[in-house]
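Structural description and commentary
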Amino acid sequence: MASDTGVWVLGGYQSDFARNLAREGRDVSDLTREVVDGTLGSAGLDGSQIDVVHVGNAFGQLFTGQGQLGAMPATVRPDLWGVPASRHEAACASGSIAILAAMADLRAGNYDSALVLGVEVEKTVASEAAAGYLAAAAWVGREGEGATFVWPHLFSDIADEYDRRYGLDDAHLRAIATLNLANARRNPNAQTRGWTVPDLADADDATNPVVEGRLRRFDCSQVTDGGAGVVLVSDAWRRDHPSAAVAPLARVTGWGHRTVGLGLRQKLDRDRDDPYVLPHVRAAVADAWRRAGVDLDDLDGLETHDCFTPSEYLAIDHIGLTGPGESWKAIENGDIEIGGRLPINPSGGLIGGGHPVGASGVRMLLDAVRQVSGTAGDYQVDGARTFGTLNFGGSTATTVSLVVGAPA
């Protein structure tokens, strides 16, 4: 059993997810430098005060040709030279796995301060080539065959499974997209904040075209360039730095992590008799809440993985906001809106905010921290003190949930 060592978030940074780095003549090293500098600046530290670095990145070699990204922070920041560092890959959960690795280091007492980054540069190729690269996180050669866009195809299958078990009105998927795109307009770093979006309830094949199956353009998150970072410190670090210039913004109070097989059909067939479509997702959330000592009613909001609208539909019932198959009730009741029972993705999430794959888990944590520290700006949830995250890798093959609380 892990120790009771606390893990605190000292600072964080997010790049502007609307940018196209290739058009700016910049690459992954430039993005890494920006995120490292911004994150350390927010925490009031320099690289010499960091004990270990963890980098989340999913597809670096494919989109940019650059591997060995654990060494990139030291490459662009001389005061990180010699600091232990590693890269973590778990598809869309890469950033969350980097966070868990840093937390394990701190809780074990191996180190007292950690810099965690998530970086991804994806706008280097055309959309179909990008879809091919991203498909590497599916079960290659075993699923998605014949689909132009593998991930919309697979998440359409999840929607179909809900429809088979419980019934599903696509209007509820459009409502999720509408809400997250509207929330993104409040977020100065959101990819779609300046987009003109049609009324999705009335959109047709021209304004909201089909991508795969029952999913349409605005049901999907975007190809995104971006990065995010946080500095995590231990209780020991806080004791040794009583006069630190920057006070912690939040404490990570709970975590859950479950891994299952790559194949979506594997998962659906294995759990076909369970009331929850993907019960390991519910188990990861339950683990995080148990460790944090909270339940649903203690949470003030959730940043969740809406890579596609069915993934948020899944999150709603799997966290227990409704019964199995009844996510539509929370959508219709306004429960997931800012001001509702449990605001979900006030940042705009992945659909509205953007989805640089290796960075999304870190970005979710940072937005949860902003909420509980009262620094979320125009998308602040009033009075937020406890916030959760739920991050998926692949078709939920890797699932990570975190809980953060306001500092005492």
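Structure: above.
Residues numbered from 1 in each chain as written. Predicted model: local features only at pLDDT ≥ 70, side-chain atom pairs only at ≥ 80, totals over all residues. Heavy atoms only, no water.

Some remarks on helix α1 (residues 28-43)
If you check α1, its first and last C-alpha atoms are 22 Å apart, about what 16 residues at 1.5 Å a residue would give, namely 22 Å. Taken residue by residue, α1 has V28, S29, L31, T32, V35, V36, G38, T39, L40 and A43 as its buried positions. On the buried face of α1, the contacting elements are β1 (7-14), α3 (72-76), β4 (113-120) and β7 (226-234). Backbone geometry just downstream of α1 places G44 in the positive-phi region, at approximately 70 degrees. (Helix = DSSP H or I, 4+ residues; strand = E, 2+ residues; numbered from the N terminus. Expected span 1.5 Å × (residues − 1). Buried < 20%, exposed > 50% of the residue type's maximum accessible area, 1.4 Å probe, protein only. Contact = heavy atoms within 4.5 Å.)

Some words on the sheet that holds strand β3 (residues 85-88)
Two strands in a sheet stick together by hydrogen bonds in their backbones, pointing the same way (parallel) or opposite ways (antiparallel). The strand order across the open sheet formed by nine strands is β3-β2-β4-β7-β1-β8-β11-β10-β9, and the pairing between neighbours is mixed. Among the strands making up the open sheet, the edge pair consists of β3 and β9 (302-304). The average angle at which neighbouring strand axes cross in this sheet is 25 degrees, direction not considered. Judged from the four bridges that link them, strand β2 (residues 52-56) and β3 form a sheet pairing that is parallel. Residue pairing in the sheet places H54 in a bridge with S86 of β3. (Pairing = 2+ DSSP bridges. Axes fitted to C-alpha atoms, helices over the stretch in contact; angles between N-to-C directions.)

Focus: the nonpolar core
Within the largest apolar cluster, 55 residues are counted, with the highest numbers of intra-cluster contacts made by W151, W289, I319, L321, I336, L342 and L390. At the level of secondary structure, the elements contributing two or more residues to this core comprise α5 (127-134), α6 (150-166), α7 (170-184), α9 (264-270), α10 (279-292), α11 (309-318), α12 (327-332) and β10 (386-393). With residues near it in sequence (within four places) discarded, I336 still touches L179, E312, I316, L321, A330, I331, L342, P343 and I344. Counting 32 residues, the second largest nonpolar core, distinct from the first, contains V9, V369, V372 and A384. (Core = buried A, V, L, I, M, F, W, Y, C linked by side-chain atoms within 4.5 Å.)

Let's talk about the side chain of T398
Structurally, T398 can be placed in strand β11 (residues 398-405). Judged by its relative accessible area of 12%, T398 falls in the buried class. If we skip the residues at most four places from it in the chain, T398 touches A90, A93, I97, H257, R258, T259, N391, F392 and G393.

Comments concerning α10
Between its terminal C-alpha atoms α10 stretches 20 Å, which fits the 20 Å expected from 14 residues at 1.5 Å a residue. In terms of residue burial, α10 counts as a mostly covered element, since ten of its 14 residues are buried. Those residues of α10 that fall on the buried side of the exposure criterion are P279, H280, V281, A283, A284, V285, D287, A288, W289 and A292. If you follow the buried residues of α10, they end up packed against β8 (250-259), α9, α11, β10 and β11.

A short note on the environment of Y162
Assignment of secondary structure puts Y162 in helix α6. Put simply, Y162 and L314 are 152 residues apart on the chain and 8.8 Å apart in space, counted from C-alpha to C-alpha.

Notes on the environment of L232
Inspection of the secondary structure assignment puts L232 in strand β7. L232 gets classed as buried once you look at its relative accessible area, which sits at 0%. Residues in contact with L232, not counting those within four places in the same chain, are V7, W8, V9, I99, A102, M103, L106, D112, S113, A114 and V116.

Description of the packing of α6 against α11
The N-to-C vectors of α6 and α11 enclose an angle of 45 degrees; their axes lie 9 Å apart at closest approach. Relative to α11, the element α6 is oriented oblique. Side by side, α6 and α11 meet where F155, I158, A159 and Y162 of the first sit next to P310, S311, Y313, L314, D317 and H318 of the second. In terms of residue class, the contact of α6 with α11 is made up of seven nonpolar, two polar and one charged. (Parallel < 35°, antiparallel > 145°, perpendicular 65-115°, else oblique. Nonpolar A, V, L, I, M, F, W, Y, C, P; charged D, E, K, R; others polar.)

Observations concerning the pattern of salt bridges
Side-chain pairs of opposite charge can arise where the charged atoms are in close proximity. Counted by the stated rule, this structure contains 22 salt bridges. As a salt-bridge pair, E24 and R26 come within 3.5 Å of each other at their nearest N and O atoms. Assessed through its relative accessible area of 37%, E24 is described here as partly exposed. Judged by its relative accessible area of 43%, R26 is partly exposed. A salt bridge links D269 to R265; the shortest N-O distance between them is 3.3 Å. (Salt bridge = Lys/Arg side-chain N within 4 Å of Asp/Glu carboxyl O.)

What about the pairing of β7?
Regular strands have side chains that alternate between both faces of the sheet. Taking burial as the measure, the nine residues of β7 include nine buried ones, the bulk of the element. Neither face of β7 is exposed, since G226, A228, V230, L232 and S234 on one face and G227, G229, V231 and V233 on the opposite face are all buried. Inspection of the sheet shows β1 paired to β7 by seven bridges, in the antiparallel sense. Looking at the pairing, W8 lines up with V233 of β7. Two strands pair when backbone bridges link them, and β4 and β7 are joined in this way by eight bridges, in the antiparallel orientation.

Description of the packing of aromatic side chains
Applying the stated criterion to the full structure yields six aromatic pairs. Arranged with centres 6.3 Å apart and planes meeting at 50 degrees, the rings of W151 and F155 form a pair that is tilted. Here W151 pairs with F155, and both are found in helix α6, just four residues apart, close to one helical turn. Taken individually, W151 and F155 each receive the classification buried, so the pair is uniform in this respect. Clustering of aromatic rings is evident, with ring pairs tying together F59, F63 and Y133. (Phe/Tyr/Trp six-rings, centres within 6.5 Å; stacked < 30°, edge-to-face > 60°.)

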